[in-house]
Amino acid sequence: EQVGEVTVRYLDNQGQEIHETKTLSGTIGASYDASTNEYKLSIDGYTLDESQLPENSKGIFSETAQTVTFIYTKNPVPAADVTIEYVDLGSNEIHASQTISGNVGDSFDVSTDQYKLSIDGYKLDESQLPENSKGVFGETAQTITYIYTKNPIPAADVTVEYVDTEGKEIHPSQTISGNVGESYD
């Protein structure tokens, strides 16, 4: 009597084999059932995609070799956080950092205005933008740093007066202007 074979394959949604194949064999014309737990496997780290169950998991052995394919999706793995820091030129924090989370392999983009903040009294230093503002979540924590320069604040003027010992002006006064924190001589 002739024997028919059914191969059961286990693939991820990229088409990669994630478990060794199993084989059913039986007399041509006899029925087979690969929908049982013996063939419809639970695989660590994966979830069976119930929306893509094989229509031929039950059938009849025939002269032609048949394949039953179960498709699984990889379970997400939580990644290490990505931290976005906001510092001045002296590396001092000028705004609370933000943290984003995701799963390993997910991509992130913190080059948007949601993360590239406008901070009062500071201007983002466009010449020192972080190269890692777009990337992929991984198992290692990542830090992205935006550097800001402090906006100059106009200071009150310094006036230099020239007077004699009686307090009489002997030369027109001169005024020096500058920003808060700058030195004058």
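Scope of this entry: the structure provided in the associated data block. (Residues numbered from 1 in each chain as written. Predicted model: local features only at pLDDT ≥ 70, side-chain atom pairs only at ≥ 80, totals over all residues. Heavy atoms only, no water.)

Examining the packing of aromatic side chains
Point 1. A full pass over the atoms with the stated rule returns six aromatic pairs.
Point 2. On the basis of an interplanar angle of 50 degrees and a centroid distance of 6.4 Å, the ring pair of Y10 and Y72 is categorised as tilted. Placement of Y10 in strand β1 (residues 3–12) and of Y72 in strand β6 (residues 66–74) is noted, with a sequence separation of 62 residues between them.
Point 3. What makes Y72 buried here is its relative accessible area of 1%.
Point 4. On the basis of an interplanar angle of 50 degrees and a centroid distance of 5.4 Å, the ring pair of Y32 and F61 is categorised as tilted. You can see Y32 sitting in strand β3 (residues 31–33) and its partner F61 sitting in the loop between β5 (58–60) and β6, a full 29 residues away along the chain. Each member of the pair, Y32 as well as F61, carries the same accessibility label: buried.
Point 5. Aromatic ring contacts, followed pair by pair, group Y10, F70 and Y72 into a single cluster. (Phe/Tyr/Trp six-rings, centres within 6.5 Å; stacked < 30°, edge-to-face > 60°. Helix = DSSP H or I, 4+ residues; strand = E, 2+ residues; numbered from the N terminus. Buried < 20%, exposed > 50% of the residue type's maximum accessible area, 1.4 Å probe, protein only.)

A short note on the sheet that holds strand β12 (residues 142–150)
The pairing of strands in a sheet happens through backbone hydrogen bonds and is either parallel or antiparallel.
Point 1. Taken in spatial order, the four strands make up an open sheet running β8-β7-β12-β10, and their pairing is mixed. Each end of this open sheet is capped by a strand with a single partner; those strands are β8 (93–100) and β10 (122–124). Each strand axis lies, on average, 25 degrees off the axis of its neighbour in the sheet, ignoring direction.
Point 2. Note that strand β7 (residues 82–88) and β12 share seven bridges and pair parallel. In the sheet register, I84 faces β12, and the bridge partner there is I144. (Pairing = 2+ DSSP bridges. Axes fitted to C-alpha atoms, helices over the stretch in contact; angles between N-to-C directions.)

Considering the side chain of D49
Point 1. One can find D49 in the loop between β4 (46–48) and β5.
Point 2. Buried charge D49 goes without a salt bridge, the closest partner of opposite sign being K40 at 11 Å.
Point 3. A polar contact is formed between the side chain of D49 and the side chain of S51, at a distance of 2.6 Å.
Point 4. Setting aside residues no more than four positions away along its own chain, D49 makes contact with I71, Y72 and T73. (Lys, Arg positive; Asp, Glu negative; His and termini not counted. Salt bridge = Lys/Arg side-chain N within 4 Å of Asp/Glu carboxyl O. Polar contact = N/O pair within 3.5 Å; in protein donor to acceptor, adjacent residues only side chain to side chain. Contact = heavy atoms within 4.5 Å.)

Topic: the nonpolar core
Point 1. Judged by nonpolar contacts, the single largest core of 17 residues is most densely connected at Y86, I100, V110, Y146 and Y148.
Point 2. At the level of elements, β7, β8, β10 and β12 are the ones that each hand at least two residues to this core.
Point 3. Counting 15 residues, the second largest nonpolar core, distinct from the first, contains Y10, L24, L41 and L48. (Core = buried A, V, L, I, M, F, W, Y, C linked by side-chain atoms within 4.5 Å.)

Some points on the sheet that holds β1
Point 1. Taken in spatial order, the four strands make up an open sheet running β2-β1-β6-β4, and their pairing is mixed. On the outer flanks of this sheet lie β2 (17–27) and β4, each paired with one strand and no other. In this sheet, adjacent strand axes meet at a mean angle of 25 degrees when their direction is disregarded.
Point 2. In terms of strand pairing, β1 meets β6 through seven bridges, oriented parallel. Bridging from a neighbouring strand, V6 pairs with Q66 of β6.

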